[in-house]
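Fold and geometry: a report
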Amino acid sequence: MKTKWLFSHRFRLIGWIIFVPSAILGLSSQYANFNIRWLMADILNESKTIELGNSITHLVDIQNLTDEIAAIGIIAGLLLIAFSKEKVEDEMISQLRLEALQWSVYANYIILAIAILTVYDEAFFSVMVYNMFTVLLVFIIRFRWLLYRNSHQLLAL
């Protein structure tokens, strides 16, 4: 894996600073119906158009963008955490990174296939929302586990 596409090591901390509040905001928005009032937006709804004589009236939906902001924050934070360089970035770390990425893609699509076969209706939408983050989360967990295991194997020698 070419290291020129990786972020500097200091971006990992920035990723955690973005990820943790965004995840808390997203979970509270999803399960506690928490919304930030200043994130209200008027969205033009083309499907709700009324024709009255010669005039056309478009109805506007008011949307709260709290969950969208949380999702963007989660994605940005996870990307910074996942793709920041290690303090020492060598070929072994690159190989572990590649293996973890491949493993996370496999795990993601296995989870997705199981969800397609077992989950329906509105619950499926929730599964798909969480599935957006699965690749990065599994990658981070697997990569950290491989680094931990590798460092302990080296210390045992």
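Quantities reported herein were computed from a predicted structural model and do not represent experimental measurements. (Residues numbered from 1 in each chain as written. Predicted model: local features only at pLDDT ≥ 70, side-chain atom pairs only at ≥ 80, totals over all residues. Heavy atoms only, no water.)

1. So, the pattern of salt bridges
Which entries qualify depends on this criterion: For salt bridges, the criterion is a side-chain nitrogen of Lys or Arg within 4 Å of an Asp or Glu carboxyl oxygen. Under the scheme used here, helices are H or I runs from DSSP no shorter than 4 residues and strands are E runs no shorter than 2 residues, and both carry numbers assigned from the N terminus. Relative accessible area decides the class of each residue, using a 1.4 Å probe on protein chains only: under 20% of the type maximum gives buried, over 50% gives exposed, and in between gives partly exposed.
Scanning all chains against the criterion turns up four salt bridges. For Arg 12, the salt bridge goes to Glu 86, with nearest N and O atoms at 2.5 Å. Of the two residues, Arg 12 sits in helix 1 (residues 11-31) while Glu 86 sits in the loop between helix 2 (66-82) and helix 3 (91-118), which places them 74 residues apart along the sequence. In this pair, the class of Arg 12 matches that of Glu 86, namely buried. In this structure, the salt-bridge partner of Glu 89 is Arg 97, at a minimum N-O distance of 3.1 Å. Judged by relative accessible area, which is 0%, Arg 97 ranks as buried. Via salt bridges that share partners, Arg 12, Glu 86 and Arg 144 belong to a single interconnected network.

2. Brief notes about the side chain of Ser 84
Heads up, the condition is: Any pair of N or O atoms that falls within 3.5 Å is considered a polar contact. Within protein, one atom must be able to donate a hydrogen and the other to accept it, and sequence-neighbouring residues count only if both atoms are side-chain atoms. Contacts are assigned to residue pairs with any non-hydrogen atoms lying within 4.5 Å of each other.
Examined against the element boundaries, Ser 84 turns out to sit in the loop between helix 2 and helix 3. Of the residues examined, Ser 84 reaches a relative accessible area of 0% and is grouped as buried. Polar side-chain contacts of Ser 84 include one of 3.2 Å to the backbone nitrogen of Arg 12. Beyond its immediate stretch of four places on either side in the chain, Ser 84 contacts Phe 7, Ser 8, His 9, Phe 11, Arg 12 and Arg 97.

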